[in-house]
Amino acid sequence: TNDDPFSISLANKINEAVTQFVNGFVEPVILQDASMVYADHAPFWDANIPAILAMEDEAWGPDLNPYYHSDDDLLENLDISYALHALEAVLASVADLAVPNGTTEPYLTADGVIIDDSQGNNNGQIEYGESVFMTIPVINAGGGDATSVDVVLSESDPYITLTDWQEAYGTIPSQDTVSITNAFSADVTLDVPDQHIFNITVTMTSGTDVWYSIVQMAAHAPNIIIDELVIDDSFGGNGNGILEPGESANFLTTLYNEGSYLAENLIATLSCANVNIVVNTPIQSLSLIHI
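Everything numeric in this text was worked out from a predicted model, so none of it was measured.

### Topic: the pattern of salt bridges
A side chain of one charge can pair with a side chain of the opposite charge if their charged atoms are brought near each other.
In step 1: Overall, the coordinates contain 1 salt bridge when judged by the stated rule.
In step 2: Between Lys13 and Glu16 there is a salt bridge whose closest N-O contact spans 3.3 Å. Residue Lys13 and its partner Glu16 are located together in helix 1 (residues 5-21), separated by 3 residues, close to a single helical turn.
In step 3: You can call Glu16 buried: its relative accessible area is 4%.

The structure is reproduced here in structure tokens:
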């Protein structure tokens, strides 16, 4: 997608469709790059019409059809299952967005989520243990105004707790977008896995009309890996690097952070259930491990 909010909304809608209908078969990746003009979507961008390019993985990624634009780009060389699931996602998005010409009815959809983590490190993304505010723009793509709009968030994820999940949006005029800054809030657990995806259901009501959308947020956390454990018995043993009866040794460890966020104030505890080994210094403090 380019940086047009309505094109971004189309990309988010396909992402939502994948989550609801083809999860596990196609993994969506949204790239925001206005310079990617080498396909049929580009004339729409030139005419200021919202559009997206949907193709295998990233345009130059490992899932790209190796026969693309060649004499062997034939039906028998296509991954039909892959193509079918991609088509399902696109058709589901079109069906969800479809509004008959001349309709006077409203049609609401959530346009992603904006994170405010000013209570944390204020970098605009979600990290483990943070409390965040959320702004969710709501688009009325229909032909009529939506009045007395209420928006309610819900989720069943053990790694997040919604602390403010309901907001009155008032009237959303036809073809307009309404945002209420920091209308919602949530607490993220300390043990959330790195790159964990939160799928938040957005329920929008106006009178008896109800619409549903899903917005996604990614969590960032450290992921500490023990790369190496070396026995140093040069002072309390024979120096052969093996812990033997009667020896004293130092354990040297190498840790690295495989996660997408730095690790601070780590406490490492070494323990052993074997009664023949005594750990003399079981606890070490580590100040910081960068990604």
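Right, picking up where we left off after that structure.
### Topic: helix 3 (residues 80-97)
The periodicity of an α-helix, 3.6 residues per turn, causes residues three or four places apart in sequence to face the same way.
In step 1: In this model helix 3 runs 26 Å from its N-terminal to its C-terminal C-alpha over 18 residues, within 8% of the 26 Å that 1.5 Å per residue would give.
In step 2: For helix 3, the complete set of buried residues consists of His85, Ala89, Ala92 and Ser93. Down the axis, helix 3 shows its buried residues gathered within 100° of arc, on one side only. Of the exposed residues in helix 3, the ones pointing more than 90 degrees away from its buried face are Leu91, Val94 and Ala95.
In step 3: Of the surrounding elements, those touching the buried residues of helix 3 are helix 1.

### Some thoughts on the sheet that holds strand 1 (residues 108-110)
In sheet architecture, strand pairing relies on hydrogen bonds along the backbone and comes in two forms, parallel and antiparallel.
In step 1: The sheet built from 3 strands is open, its strands ordered 1-5-9 with antiparallel pairing. Two strands in the sheet have a free side with no partner beyond their single neighbour: strand 1 and strand 9 (176-178). Taken over all neighbouring pairs, the strand axes of this sheet differ in orientation by 25° on average, direction set aside.
In step 2: Alignment of strand 5 (residues 138-140) against strand 9, held across 3 bridges, turns out to be antiparallel. Residue pairing in the sheet places Ile139 in a bridge with Thr177 of strand 9.

So, how was this worked out
Residues numbered from 1 in each chain as written. Predicted model: local features only at pLDDT ≥ 70, side-chain atom pairs only at ≥ 80, totals over all residues. Heavy atoms only, no water. Salt bridge = Lys/Arg side-chain N within 4 Å of Asp/Glu carboxyl O. Helix = DSSP H or I, 4+ residues; strand = E, 2+ residues; numbered from the N terminus. Buried < 20%, exposed > 50% of the residue type's maximum accessible area, 1.4 Å probe, protein only. Expected span 1.5 Å × (residues − 1). Arc of directions from axis to C-beta. Contact = heavy atoms within 4.5 Å. Pairing = 2+ DSSP bridges. Axes fitted to C-alpha atoms, helices over the stretch in contact; angles between N-to-C directions.

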